[in-house]
Amino acid sequence: MLVYLNGAYLPGAEARVSVTDRGFLFGDGVYEVTRALGGRLFAGDRHLRRLTRGMRELELRWPEGLDAAALHAVSERLLRENGLTEGEATVYAQITRGAAPRNHAFPAPGTPPTVYVAAGPFAPRDELHARGAAAITVPDIRWGRCDLKTIQLLPNVLAKERAAAADAFDAVQVRDGVVTEGANTNVFGVIAGVVRTYPADSRILAGVTREIVLELAGELGLPIREEAIAVAELPEASEVFLTGTTTDVMPVVRLDGRPVGDGRPGPVARQLHERLRERMRQGAGV
Ligand code: PDD
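Per chain, residue numbering runs from 1 following the sequence as it is written. Two thresholds apply to this predicted model, a pLDDT of at least 70 for residue-level local features and 80 or more for giving and counting side-chain atom pairs, whereas whole-chain, interface and lining totals are computed over all residues. Excluding hydrogens and water, the side-chain figures rest on all heavy atoms present in the structure.

## Some thoughts on the packing of helix α2 (residues 44-57) against helix α6 (residues 208-219)
Packed helices, taken two at a time, are described by the angle between their axes plus the distance between the axes.
So, step 1. Lines fitted to C-alpha atoms define the axes here, with helix axes fitted over just the stretch in contact, and angles between the N-to-C directions of these axes take values from 0 to 180 degrees. Comment: elements are numbered from the N terminus, with helices defined as DSSP H or I runs of at least four residues and strands as E runs of at least two. α6 packs onto α2 with a crossing angle of 130° between their chain directions and a minimal axis gap of 10 Å. As summarised for this structure, α2 and α6 are arranged oblique, according to the angle between their axes. The element α2 and its partner α6 pack so that their crossing is right-handed. Counting all contacts with α2, which are made through Arg46, His47 and Arg50, the residues of α6 involved are Val208, Glu211, Ile212 and Glu215. By the definition adopted for this analysis, an angle is roughly parallel if under 35 degrees, roughly antiparallel if over 145, roughly perpendicular if from 65 to 115, and oblique otherwise. In this scheme the handedness of a crossing depends on how the near helix is turned from the far one: anticlockwise by less than a right angle means left-handed, clockwise means right-handed. Contacts: residue pairs with any heavy atoms within 4.5 Å of one another.

As C-alpha coordinates, then:
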(Lines give C-alpha, C1' and ligand atoms only; values in the text may rest on other atoms or scores of the structure.)
Protein backbone atom coordinates (compact mmCIF):
# COMPACT_ATOMS: atom_id res chain seq x y z
CA MET A 1 0.00 0.00 0.00
CA LEU A 2 1.10 3.51 -0.78
CA VAL A 3 1.30 5.81 2.26
CA TYR A 4 1.98 9.50 2.77
CA LEU A 5 4.90 10.54 4.94
CA ASN A 6 6.09 14.14 5.27
CA GLY A 7 5.10 15.24 1.78
CA ALA A 8 6.03 12.04 -0.08
CA TYR A 9 3.91 9.13 -1.35
CA LEU A 10 5.79 5.86 -0.93
CA PRO A 11 5.18 2.14 -0.34
CA GLY A 12 4.28 1.52 3.32
CA ALA A 13 7.12 -0.97 3.70
CA GLU A 14 9.60 1.78 2.80
CA ALA A 15 8.20 4.45 5.13
CA ARG A 16 10.62 5.27 7.97
CA VAL A 17 10.58 7.70 10.88
CA SER A 18 13.46 8.65 13.12
CA VAL A 19 14.02 6.85 16.44
CA THR A 20 14.12 10.33 17.99
CA ASP A 21 10.61 11.09 16.78
CA ARG A 22 8.62 12.49 19.69
CA GLY A 23 5.74 10.20 18.80
CA PHE A 24 8.05 7.23 19.44
CA LEU A 25 9.75 8.67 22.54
CA PHE A 26 6.88 10.52 24.26
CA GLY A 27 3.62 9.67 22.52
CA ASP A 28 3.67 13.37 21.61
CA GLY A 29 1.12 13.49 18.82
CA VAL A 30 -2.47 13.30 17.70
CA TYR A 31 -4.34 11.09 15.25
CA GLU A 32 -7.63 10.50 13.47
CA VAL A 33 -9.33 7.46 12.01
CA THR A 34 -11.86 8.39 9.33
CA ARG A 35 -14.21 6.11 7.44
CA ALA A 36 -14.41 6.24 3.66
CA LEU A 37 -16.99 4.92 1.22
CA GLY A 38 -16.59 4.92 -2.53
CA GLY A 39 -13.26 6.72 -2.21
CA ARG A 40 -14.68 9.64 -0.24
CA LEU A 41 -14.29 10.47 3.43
CA PHE A 42 -17.38 10.22 5.60
CA ALA A 43 -17.69 13.21 7.98
CA GLY A 44 -14.17 14.24 6.99
CA ASP A 45 -14.87 17.85 8.02
CA ARG A 46 -15.76 16.79 11.57
CA HIS A 47 -12.65 14.62 11.91
CA LEU A 48 -10.42 17.40 10.60
CA ARG A 49 -12.03 19.93 12.96
CA ARG A 50 -11.27 17.64 15.91
CA LEU A 51 -7.71 17.09 14.70
CA THR A 52 -7.18 20.84 14.28
CA ARG A 53 -8.57 21.51 17.77
CA GLY A 54 -6.28 18.85 19.27
CA MET A 55 -3.29 20.37 17.50
CA ARG A 56 -4.20 23.82 18.79
CA GLU A 57 -4.60 22.57 22.36
CA LEU A 58 -1.22 20.82 22.21
CA GLU A 59 0.52 23.61 20.25
CA LEU A 60 1.30 21.27 17.38
CA ARG A 61 1.73 23.11 14.10
CA TRP A 62 1.07 22.04 10.53
CA PRO A 63 4.22 21.68 8.43
CA GLU A 64 4.81 24.05 5.50
CA GLY A 65 2.26 23.53 2.78
CA LEU A 66 -0.14 21.34 4.77
CA ASP A 67 -3.43 22.18 6.44
CA ALA A 68 -6.76 20.46 7.08
CA ALA A 69 -7.94 20.89 3.48
CA ALA A 70 -4.65 19.55 2.12
CA LEU A 71 -4.83 16.56 4.48
CA HIS A 72 -8.32 15.83 3.17
CA ALA A 73 -6.90 15.83 -0.37
CA VAL A 74 -3.98 13.59 0.68
CA SER A 75 -6.48 11.11 2.21
CA GLU A 76 -8.60 10.92 -0.94
CA ARG A 77 -5.51 10.59 -3.12
CA LEU A 78 -4.40 7.61 -1.00
CA LEU A 79 -7.83 6.05 -1.44
CA ARG A 80 -7.51 6.45 -5.24
CA GLU A 81 -3.93 5.31 -5.54
CA ASN A 82 -4.59 2.25 -3.39
CA GLY A 83 -7.64 1.16 -5.38
CA LEU A 84 -10.06 1.95 -2.55
CA THR A 85 -12.57 3.95 -4.58
CA GLU A 86 -15.14 1.20 -4.31
CA GLY A 87 -16.43 -0.28 -1.10
CA GLU A 88 -15.35 0.75 2.38
CA ALA A 89 -12.07 1.87 3.82
CA THR A 90 -10.48 3.71 6.72
CA VAL A 91 -7.88 6.46 6.63
CA TYR A 92 -5.41 6.81 9.51
CA ALA A 93 -3.67 10.18 9.96
CA GLN A 94 -1.08 10.96 12.63
CA ILE A 95 0.87 14.12 13.40
CA THR A 96 3.69 14.16 15.94
CA ARG A 97 5.92 16.97 17.18
CA GLY A 98 8.72 15.64 14.98
CA ALA A 99 12.23 14.30 15.52
CA ALA A 100 14.50 16.08 18.01
CA PRO A 101 17.03 15.31 20.77
CA ARG A 102 15.17 13.81 23.74
CA ASN A 103 14.04 16.62 26.03
CA HIS A 104 10.60 16.69 27.60
CA ALA A 105 10.03 20.36 26.76
CA PHE A 106 9.11 21.24 23.18
CA PRO A 107 11.90 21.09 20.58
CA ALA A 108 13.36 24.15 18.88
CA PRO A 109 10.81 26.23 16.96
CA GLY A 110 10.84 25.20 13.33
CA THR A 111 11.30 21.48 14.08
CA PRO A 112 9.08 19.97 11.38
CA PRO A 113 6.22 17.78 12.64
CA THR A 114 5.97 14.22 11.33
CA VAL A 115 2.84 13.61 9.27
CA TYR A 116 1.82 10.07 8.36
CA VAL A 117 -1.35 9.06 6.50
CA ALA A 118 -2.38 5.55 5.42
CA ALA A 119 -5.54 4.03 3.95
CA GLY A 120 -6.75 0.46 4.09
CA PRO A 121 -9.83 -1.60 3.25
CA PHE A 122 -12.52 -1.95 5.91
CA ALA A 123 -15.19 -4.62 6.33
CA PRO A 124 -18.05 -3.82 8.74
CA ARG A 125 -18.84 -6.71 11.08
CA ASP A 126 -22.41 -7.21 9.88
CA GLU A 127 -22.80 -10.55 11.59
CA LEU A 128 -21.77 -9.12 15.00
CA HIS A 129 -24.12 -6.15 14.52
CA ALA A 130 -26.97 -8.62 13.94
CA ARG A 131 -26.04 -10.88 16.87
CA GLY A 132 -24.87 -8.22 19.32
CA ALA A 133 -21.54 -8.06 21.13
CA ALA A 134 -20.21 -8.83 24.59
CA ALA A 135 -18.42 -6.21 26.69
CA ILE A 136 -16.76 -6.05 30.08
CA THR A 137 -16.36 -3.14 32.50
CA VAL A 138 -12.87 -1.97 33.53
CA PRO A 139 -11.63 0.92 35.68
CA ASP A 140 -10.90 4.09 33.67
CA ILE A 141 -7.27 4.82 34.59
CA ARG A 142 -6.65 7.56 32.00
CA TRP A 143 -5.45 11.16 32.30
CA GLY A 144 -7.44 14.41 32.54
CA ARG A 145 -7.59 15.27 28.82
CA CYS A 146 -9.38 12.33 27.24
CA ASP A 147 -11.03 14.88 24.92
CA LEU A 148 -7.77 15.06 22.97
CA LYS A 149 -7.22 12.25 20.46
CA THR A 150 -3.58 11.68 21.33
CA ILE A 151 -1.53 8.66 20.31
CA GLN A 152 -0.94 7.88 24.03
CA LEU A 153 -3.26 4.91 24.10
CA LEU A 154 -1.74 2.54 26.68
CA PRO A 155 -4.77 2.48 29.04
CA ASN A 156 -7.01 1.89 26.02
CA VAL A 157 -4.68 -0.87 24.79
CA LEU A 158 -4.78 -2.56 28.21
CA ALA A 159 -8.56 -2.22 28.39
CA LYS A 160 -9.05 -3.69 24.91
CA GLU A 161 -6.68 -6.53 25.72
CA ARG A 162 -8.66 -7.37 28.85
CA ALA A 163 -11.79 -7.43 26.69
CA ALA A 164 -10.08 -9.70 24.14
CA ALA A 165 -8.90 -12.04 26.90
CA ALA A 166 -12.52 -12.27 28.11
CA ASP A 167 -13.73 -12.98 24.53
CA ALA A 168 -15.50 -9.61 24.57
CA PHE A 169 -15.67 -6.98 21.85
CA ASP A 170 -14.90 -3.94 24.01
CA ALA A 171 -14.18 -2.69 27.50
CA VAL A 172 -16.57 -0.16 29.03
CA GLN A 173 -14.50 2.16 31.21
CA VAL A 174 -15.83 3.24 34.60
CA ARG A 175 -14.67 6.23 36.64
CA ASP A 176 -16.17 7.36 39.95
CA GLY A 177 -19.04 4.91 39.55
CA VAL A 178 -20.12 6.09 36.10
CA VAL A 179 -19.54 4.81 32.57
CA THR A 180 -17.24 7.10 30.58
CA GLU A 181 -16.53 5.40 27.24
CA GLY A 182 -15.19 2.25 25.59
CA ALA A 183 -11.56 1.53 24.69
CA ASN A 184 -12.11 3.03 21.23
CA THR A 185 -15.84 3.73 21.28
CA ASN A 186 -18.43 5.88 23.04
CA VAL A 187 -21.06 4.15 25.15
CA PHE A 188 -24.82 4.74 25.06
CA GLY A 189 -27.59 3.26 27.16
CA VAL A 190 -31.36 3.31 26.97
CA ILE A 191 -32.71 3.76 30.48
CA ALA A 192 -36.39 4.37 31.25
CA GLY A 193 -36.85 5.04 27.52
CA VAL A 194 -34.21 7.80 27.42
CA VAL A 195 -31.09 7.54 25.25
CA ARG A 196 -28.21 8.47 27.55
CA THR A 197 -24.48 9.00 27.00
CA TYR A 198 -21.67 10.65 28.93
CA PRO A 199 -21.48 14.42 28.22
CA ALA A 200 -18.68 15.67 25.97
CA ASP A 201 -16.25 16.91 28.63
CA SER A 202 -12.54 16.25 29.20
CA ARG A 203 -13.15 12.70 30.44
CA ILE A 204 -14.16 11.30 27.06
CA LEU A 205 -13.34 11.72 23.41
CA ALA A 206 -16.23 13.53 21.74
CA GLY A 207 -16.69 10.88 19.05
CA VAL A 208 -17.72 11.95 15.58
CA THR A 209 -20.01 8.91 15.45
CA ARG A 210 -21.42 9.82 18.89
CA GLU A 211 -22.25 13.31 17.61
CA ILE A 212 -23.91 11.99 14.44
CA VAL A 213 -25.83 9.31 16.38
CA LEU A 214 -27.15 12.00 18.76
CA GLU A 215 -28.33 13.98 15.73
CA LEU A 216 -29.98 10.89 14.24
CA ALA A 217 -31.66 10.07 17.57
CA GLY A 218 -33.02 13.64 17.58
CA GLU A 219 -34.36 13.18 14.04
CA LEU A 220 -36.07 9.97 15.15
CA GLY A 221 -37.73 11.90 17.99
CA LEU A 222 -36.08 9.76 20.68
CA PRO A 223 -35.66 11.34 24.13
CA ILE A 224 -31.93 12.08 24.64
CA ARG A 225 -29.89 13.13 27.66
CA GLU A 226 -26.15 13.71 27.66
CA GLU A 227 -25.84 12.54 31.24
CA ALA A 228 -23.51 9.95 32.72
CA ILE A 229 -24.87 6.45 33.30
CA ALA A 230 -24.08 5.14 36.77
CA VAL A 231 -22.88 1.55 36.93
CA ALA A 232 -25.71 0.98 39.38
CA GLU A 233 -28.19 1.89 36.60
CA LEU A 234 -26.84 -0.63 34.09
CA PRO A 235 -29.08 -3.50 35.24
CA GLU A 236 -32.07 -1.29 34.36
CA ALA A 237 -30.83 -0.51 30.84
CA SER A 238 -33.04 -1.97 28.13
CA GLU A 239 -30.16 -1.41 25.68
CA VAL A 240 -26.47 -0.59 25.72
CA PHE A 241 -24.59 0.20 22.52
CA LEU A 242 -21.22 1.44 21.36
CA THR A 243 -20.44 3.97 18.65
CA GLY A 244 -17.25 4.68 16.75
CA THR A 245 -15.69 5.10 13.33
CA THR A 246 -14.81 1.41 13.06
CA THR A 247 -17.78 0.25 15.15
CA ASP A 248 -20.78 2.17 13.74
CA VAL A 249 -23.57 1.36 16.22
CA MET A 250 -22.79 -1.93 17.97
CA PRO A 251 -25.39 -3.39 20.33
CA VAL A 252 -23.98 -4.82 23.57
CA VAL A 253 -26.06 -7.83 24.54
CA ARG A 254 -23.86 -9.13 27.38
CA LEU A 255 -22.05 -6.99 29.92
CA ASP A 256 -19.74 -8.68 32.43
CA GLY A 257 -21.38 -11.96 31.54
CA ARG A 258 -24.94 -10.81 32.24
CA PRO A 259 -27.56 -10.17 29.56
CA VAL A 260 -28.40 -6.55 28.72
CA GLY A 261 -32.18 -6.09 28.46
CA ASP A 262 -33.56 -9.28 26.94
CA GLY A 263 -30.08 -10.28 25.73
CA ARG A 264 -30.77 -9.39 22.09
CA PRO A 265 -29.99 -6.27 20.02
CA GLY A 266 -32.67 -3.67 20.77
CA PRO A 267 -34.77 -1.46 18.50
CA VAL A 268 -32.98 1.82 19.32
CA ALA A 269 -29.54 0.48 18.39
CA ARG A 270 -30.94 -1.20 15.28
CA GLN A 271 -32.67 1.95 14.03
CA LEU A 272 -29.68 4.16 14.75
CA HIS A 273 -27.37 1.71 13.00
CA GLU A 274 -29.57 1.63 9.91
CA ARG A 275 -29.83 5.44 9.86
CA LEU A 276 -26.09 5.82 10.31
CA ARG A 277 -25.36 3.42 7.43
CA GLU A 278 -27.81 5.36 5.26
CA ARG A 279 -26.15 8.66 6.23
CA MET A 280 -22.75 7.21 5.38
CA ARG A 281 -23.88 6.16 1.92
CA GLN A 282 -25.51 9.57 1.30
CA GLY A 283 -22.48 11.43 2.63
CA ALA A 284 -20.18 9.53 0.31
CA GLY A 285 -22.61 9.81 -2.60
CA VAL A 286 -22.81 6.04 -3.13
N1 PDD B 1 -11.16 5.51 18.12
N2 PDD B 1 -13.51 7.07 22.33
C3 PDD B 1 -12.24 6.72 22.12
C4 PDD B 1 -11.32 6.61 23.28
C5 PDD B 1 -11.78 6.46 20.80
O6 PDD B 1 -10.50 6.13 20.58
C7 PDD B 1 -12.70 6.55 19.73
C8 PDD B 1 -12.30 6.30 18.30
C9 PDD B 1 -14.03 6.91 20.01
C10 PDD B 1 -15.05 7.06 18.92
O11 PDD B 1 -14.82 8.23 18.18
P12 PDD B 1 -15.22 8.35 16.65
O13 PDD B 1 -16.68 8.10 16.57
O14 PDD B 1 -14.86 9.74 16.29
O15 PDD B 1 -14.43 7.32 15.91
C16 PDD B 1 -14.39 7.17 21.32
C17 PDD B 1 -10.62 5.23 16.82
C18 PDD B 1 -11.60 4.68 15.86
C19 PDD B 1 -9.40 4.36 17.01
O20 PDD B 1 -8.62 4.66 17.89
O21 PDD B 1 -9.20 3.40 16.26
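## What about the side chain of Asn82?
So, step 1. Relative to the helices and strands, Asn82 is located in the loop between α3 (68-81) and β5 (88-96).
So, step 2. Asn82 gets classed as buried once you look at its relative accessible area, which sits at 13%.
So, step 3. Leave out the neighbours within four places in its chain, and Asn82 touches Met1 and Leu2. For each residue, the accessible area found with a 1.4 Å probe, counting protein chains only, is set against the maximum for its type, and the residue is called buried under 20%, exposed over 50%, and partly exposed in between.

## Let's talk about the layout of surface pockets
So, step 1. Cavity: a set of points on a 1 Å grid over the protein atoms alone where a 1.4 Å probe fits but cannot get out. Pocket: an open set with protein on both sides within 12 Å along at least five of seven lines, its lining residues, like those of a cavity, having an atom within 4 Å of a point. Grid points are joined across faces, edges and corners, and a volume is the space filled by probe spheres set on the points. Counted as a void, the largest pocket has a volume near 600 Å³.
So, step 2. Lining the largest pocket are 30 residues, with Tyr31, Lys149, Asn156, Ala183 and Asn184 sitting closest to its centre.
So, step 3. At the level of secondary structure, the elements contributing two or more residues to the lining of the largest pocket comprise β3 (29-37), α2, α5 (154-165), β9 (178-182), α6 and β14 (239-244).
So, step 4. Looking at the lining of the largest pocket element by element, the count peaks at four residues for α5.

## Overview of the site of the ligand
So, step 1. For each residue, the test is whether any non-hydrogen atom lies within 4 Å of the molecule or strand; if one does, the residue is near. Around the ligand, a shell composed of 17 residues is seen, among which Tyr31, Glu181, Val208, Thr209 and Thr245 lie nearest.
So, step 2. Separating an oxygen atom of the ligand from a side-chain N or O atom of Tyr31 is a distance of 2.6 Å.
So, step 3. Between an oxygen atom of the ligand and a main-chain N or O atom of Val208, the distance comes to 2.8 Å.
So, step 4. Surface accessibility in these figures is a Shrake-Rupley result with a 1.4 Å probe; residues are shielded only by whichever protein chains are displayed. The protein chains hide 91% of the 470 Å² of surface that the ligand would expose on its own.
So, step 5. Judged by its atoms lying within 2 Å of the grid points, the ligand is housed in the largest pocket.
So, step 6. Residue assignment for the shell around the ligand shows that the elements contributing at least two residues are β3, α2 and α6. Within 3.5 Å is the distance limit for a polar contact, defined as a pair of N or O atoms, with the added protein rule that one can donate a hydrogen and the other accept it, and that residues adjacent in sequence qualify only through two side-chain atoms. Criterion for pocket placement: a molecule counts as inside a cavity or pocket if more than half of its atoms are within 2 Å of its grid points.

## Digging into the nonpolar core
So, step 1. In this structure, Tyr4, Val30, Leu51, Leu71, Leu79, Val115 and Val117 are the most contacted members of the largest nonpolar core, which totals 23 residues.
So, step 2. When residues of this core are traced back to their parent elements, those giving at least two are β3, α2, α3, β5 and β6 (114-121).
So, step 3. Nine residue types can take part in a nonpolar core, namely buried Ala, Val, Leu, Ile, Met, Phe, Trp, Tyr and Cys, and a core is a set of them joined through side-chain atoms within 4.5 Å. Core analysis: the next-biggest nonpolar cluster, separate from the first, contains 20 residues, Phe188, Val190, Leu216 and Ala269 among them.

## Some remarks on the packing of aromatic side chains
So, step 1. Stacked, edge-to-face and tilted labels apply to pairs of Phe, Tyr and Trp rings (six-membered ring for Trp) whose centres lie within 6.5 Å, assigned for plane angles under 30 degrees, over 60, and everything in between, in that order. This structure, assessed with the given rule, holds four aromatic pairs.
So, step 2. With a centroid separation of 5.1 Å and an interplanar angle of 10°, the aromatic rings of Phe188 and Phe241 are classed as stacked. Remark: Phe241 occurs in strand β14 and Phe188 occurs in strand β10 (residues 186-191); sequence separation between them is 53 residues. The exposure classification of Phe188 matches that of Phe241, with both residues buried.
So, step 3. One aromatic cluster is present, formed by Tyr31, Tyr92 and Tyr116 through successive ring pairs.
So, step 4. Between Arg97 and the ring centre of Phe106, over which it is positioned, the NZ or CZ distance is 3.6 Å.
So, step 5. Of note, Lys160 hangs over the ring of Phe169, and the distance from its end group to the ring centre comes to 5.0 Å. Lysine NZ or arginine CZ positioned within 6 Å of the ring centre and within 35 degrees of the ring normal marks a charge as sitting over the ring.

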